[in-house]
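A look at the structure
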Amino acid sequence: MSLADDHGFRLWPARLSPDEQRSLVDEVFALAAAAPFYRPMTPGGKPMSVEMTNFGDLGWVTDLDGYRYQSTHPVTGAAWPAMPQILRSLWDELAQAAAPPDACLVNLYRGDARMGLHQDRDEVDFAFPVLSVSLGDTAVFRLGGGKRNDPTRSLRLSSGDVMVLAGAARLAHHGVDRILPGSSRLVPGGGRINLTLRRAL
Ligand code: SIN
Ligand code: FE2
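Quick summary incoming for the structure in this document. (Residues numbered from 1 in each chain as written. Chains lettered and ligands numbered in written order. Predicted model: local features only at pLDDT ≥ 70, side-chain atom pairs only at ≥ 80, totals over all residues. Heavy atoms only, no water.)

Okay, the sheet that holds strand β9 (residues 139-143) next. What the four strands build is an open sheet, ordered β7-β12-β9-β10; its pairing is antiparallel. The two strands at the open ends of the sheet, each matched to only one other strand, are β7 (115-118) and β10 (153-157). Each neighbouring strand pair of the sheet contributes to a mean axis angle of 25°, computed without reference to strand direction. (Pairing = 2+ DSSP bridges. Helix = DSSP H or I, 4+ residues; strand = E, 2+ residues; numbered from the N terminus. Axes fitted to C-alpha atoms, helices over the stretch in contact; angles between N-to-C directions.)

Below is the structure:
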């Protein structure tokens, strides 16, 4: 069952079972042995509070040169690992897209990590939706509209939740105000993992 609005936002609470969540977290950390989490720098030169890595053909990166997709890990120089199969299956089942995702951004929120309000707009074709999977601690997520000063609403994203931003919501502003530490014991060492599937090209 999913919750939907008229603008292309959809949320499937607890779409992944506890077993699926555990095996996905295990897979994420196994892949992160080859593609380690690192702390990216904003184009303005500030270290982000979120740690990141990527899976798939292309990974989203930020540094002093700006935001972009690239095929290699900025620290190791290696190609990103392939996307876990369960993520591709979720995309096939829920995204209603004509082509598979080519990028999966992996965000790790520990402690008081957060993400400011932004749009996902580094992709070529906004007709492809964004699909996001939450694992571990609950996030206090903020969802706004296409304009930066549109009203926003706050919702909680819990472990196993899957969200799709399509249609008008594809370019909705969004961010993570904070995570609720200790709300889940799924992620080793605590915190939250968010996996964002997109089609960059
Ligand atoms: C993002 O917008 O990149 C992450 C959103 C989230 O962590 O839920
Ligand atoms: Fe985003």
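Now for the packing of aromatic side chains. By convention here, two paired aromatic rings are described through the distance between centres and the angle between planes. The final tally for this structure, using the stated rule, is two aromatic pairs. When the centroid spacing of 6.0 Å and the interplanar angle of 55° are considered together, the rings of phenylalanine 29 and phenylalanine 37 count as tilted. Given the relative accessible area of 16%, phenylalanine 37 is considered buried. Measuring from centroid to centroid gives 5.3 Å for tryptophan 60 and tyrosine 67, while their planes differ by 35°, and the two rings are tilted. Lying across the ring of phenylalanine 9, arginine 153 places its NZ or CZ 4.9 Å from the centre. A cation sits over an aromatic face here: arginine 199 above phenylalanine 128, 5.6 Å from the ring centre. (Phe/Tyr/Trp six-rings, centres within 6.5 Å; stacked < 30°, edge-to-face > 60°. Buried < 20%, exposed > 50% of the residue type's maximum accessible area, 1.4 Å probe, protein only. Lys NZ or Arg CZ within 6 Å of the ring centre and 35° of its normal.)

The protein atoms donating to the iron ion (ligand 2) are His118 (NE2), Asp120 (OD) and His174 (NE2), with metal-donor distances spanning 2.1 to 2.2 Å. Relative to the metal, the four donor atoms surrounding the iron ion (ligand 2) lie at angles of 90 to 174°, and the coordination shape comes out irregular. Coordination of the iron ion (ligand 2) draws on donor residues from a single chain, spaced H-x1-D-x53-H in sequence. Placement of aspartate 120 in the loop between β7 and β8 (130-136) and of histidine 174 in strand β12 (residues 174-179) is noted, with a sequence separation of 54 residues between them. Taken as a pair, aspartate 120 and histidine 174 share a single burial class, namely buried. (Donors = N, O, S within 2.8 Å, 3.2 Å for Na, K, Ca; no water. Tetrahedral: all angles 85-135°; square planar, octahedral: opposite > 155°, others 65-115°.)

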